[in-house]
Amino acid sequence: MKIIQISHLKKSFQNKIILKDMCLEIEEGECFGCIGPSGAGKTTLVKIMIGQLDADHGKCLVFNEDSRHLSFQAYEKIGLVLDEQGLYERLSVFDNLKLFADLHRIESKRIHEVLKRVDLNEEADKKVFRLSKGMRQRLVLARAILHKPRLLFLDEPTSALDPGSMHLIHELLLELKREKVSIFLTTHNMQEAMLLCDRIGLLYEGCMIEEGRIEDIVEKYHENLDLQIELTNHDILNLNGQKEADKICHYLKEEKVLKIHSNEPTLEDIFKKLTGKRLDV
Ligand SMILES: Nc1ncnc2c1ncn2[C@@H]1O[C@H](COP(=O)(O)OP(=O)(O)O)[C@@H](O)[C@H]1O
Ligand SMILES: [Mg+2]
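Residues numbered from 1 in each chain as written. Chains lettered and ligands numbered in written order. Predicted model: local features only at pLDDT ≥ 70, side-chain atom pairs only at ≥ 80, totals over all residues. Heavy atoms only, no water.

**Let's talk about unusual backbone geometry**
You will see that His8, though not glycine, has its phi angle at about 50°, which is positive. By the element assignment, His8 lies in strand E1 (residues 2–13). (Helix = DSSP H or I, 4+ residues; strand = E, 2+ residues; numbered from the N terminus.)

Written out as structure tokens, the structure reads:
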């Protein structure tokens, strides 16, 4: 089943085109990574999908419902992590979740369960303004999963976080993936995309300029079969896998090969090749 269906979506702000003719489908249980530099329109796209912004043209269906009029039942199945955190600074960690839990008629037992999952159980009574950035983000994520959503929108959930919090969030997201929660993630962290995403889309100038499984995209742009070979005497050779296959075989038969690296392009390389721009600016 398709959980998100976007067709020919367009959005402009003051005559500046942000999204143009965007089409995208996401399957239930899939983790899709929307990758693009700052200002590409990732947050705009998320806001359209959750009904916070209207598109100018096109269609966006979430759970088969028009995203401009999502039902209460649809929102109950959605979890959200956006840039603006919307935490109550002067309330404790627990009370921030309790407010949300009461709205959804969730028992306090579940709050403790989720706090444990994001490793904030010892921080439960701490006021939010005393939390580190990583802890705050884990609390936002805790709130997003409290009601056991089936679809998570995560807008740059780990950007500028300490490695510990990032690792914890990644572990949690991998666990949610195993529970078949669908995830729409935006990021410009390629490692994150490789770790979590079943499929990615590269967003640039309003369109997905490339889309698919990371392995397939890398293979598509892996043009030459250059191999870097380290010999047992630690000499490094750069050889072409097609043209110099005999030479490579020779070293292998003589047991002189210590390591072989294929020089596959990274997603950053591919983005640069397609756009002439870097992803992380
Ligand atoms: N409410 C708005 N009004 C005017 N321009 C906006 C608004 N929201 C976003 N933009 C512009 O749209 C572009 C895309 O923004 P955004 O979706 O936040 O990109 P990203 O999340 O990929 O960094 C940016 O140029 C931004 O300045
Ligand atoms: Mg953004």
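**Brief notes about the site of ligand 1**
Near ligand 1 the following residues occur: Phe13, Gln14, Lys16, Ile18, Pro37, Ser38, Gly39, Ala40, Gly41, Lys42, Thr43 and Thr44. In the complex, 62% of the free accessible area of ligand 1, which totals 560 Å², lies under the protein chains. Residue assignment for the shell around ligand 1 shows that the elements contributing at least two residues are strand E2 (16–27) and helix H1 (42–49). Ranked by residue count, the leading element in the shell around ligand 1 is H1, at 3 residues. In terms of residue class, the shell around ligand 1 is built from 4 nonpolar, 6 polar and 2 charged. (Near = heavy atom within 4 Å. Areas by Shrake-Rupley, 256 points an atom, 1.4 Å probe, with all protein chains shown as cover. Nonpolar A, V, L, I, M, F, W, Y, C, P; charged D, E, K, R; others polar.)

**With respect to helix H6 (residues 163–178)**
An ideal rise of 1.5 Å per residue puts 22 Å on 16 residues; H6 measures up with 23 Å between its terminal C-alpha atoms. All buried positions along H6 are accounted for by Ser165, Ile169, His170, Leu172, Leu173, Leu176 and Lys177. Angularly, the buried residues of H6 cover 165° about the axis, an arc narrow enough to put them on a single face. Opposite the buried face of H6, at more than 90 degrees from it, the exposed residues are Pro163 and Arg178. Residues of H6 that are buried sit in contact with strand E3 (31–35), helix H4 (108–117), helix H5 (133–145), strand E7 (151–155), strand E8 (182–187) and helix H7 (190–196). Count one or two residues on from H6 and you reach Lys180, which has phi positive near 65°. (Expected span 1.5 Å × (residues − 1). Buried < 20%, exposed > 50% of the residue type's maximum accessible area, 1.4 Å probe, protein only. Arc of directions from axis to C-beta. Contact = heavy atoms within 4.5 Å.)

**Describing the packing of H5 against H6**
Relative orientation of the contacting elements H5 and H6 amounts to 15°, with a least axis distance of 10 Å. One way to sum up the angle between H5 and H6 is to call them roughly parallel. For H5 against H6, the interelement crossing comes out left-handed. Across the interface between the two elements, Gly134, Met135, Gln137, Arg138, Leu141 and Ile145 of H5 pack against Ser165, Leu168, Ile169, Leu172 and Leu176 of H6. (Axes fitted to C-alpha atoms, helices over the stretch in contact; angles between N-to-C directions. Parallel < 35°, antiparallel > 145°, perpendicular 65-115°, else oblique. Left-handed = near helix turned anticlockwise from the far one by under 90°.)

**Observations regarding the sheet that holds E8**
Within the open sheet, the 6 strands sit side by side as E6-E7-E8-E3-E9-E10. Their pairing is mixed. With one partner strand each, in any of the chains shown, strand E6 (78–81) and strand E10 (207–212) form the two edges of the open sheet. This sheet shows a mean twist of 15° between the axes of neighbouring strands, independent of strand direction. Here 4 bridges tie E6 to E7, and the two strands are oriented parallel to one another. Looking across to E7, one finds that Leu80 is bridged to Phe153. Packed onto the sheet, H6 meets E3, E7 and E8 and runs at close to 155° relative to E7. (Pairing = 2+ DSSP bridges.)

Shape descriptors only; they carry no functional weight alone.
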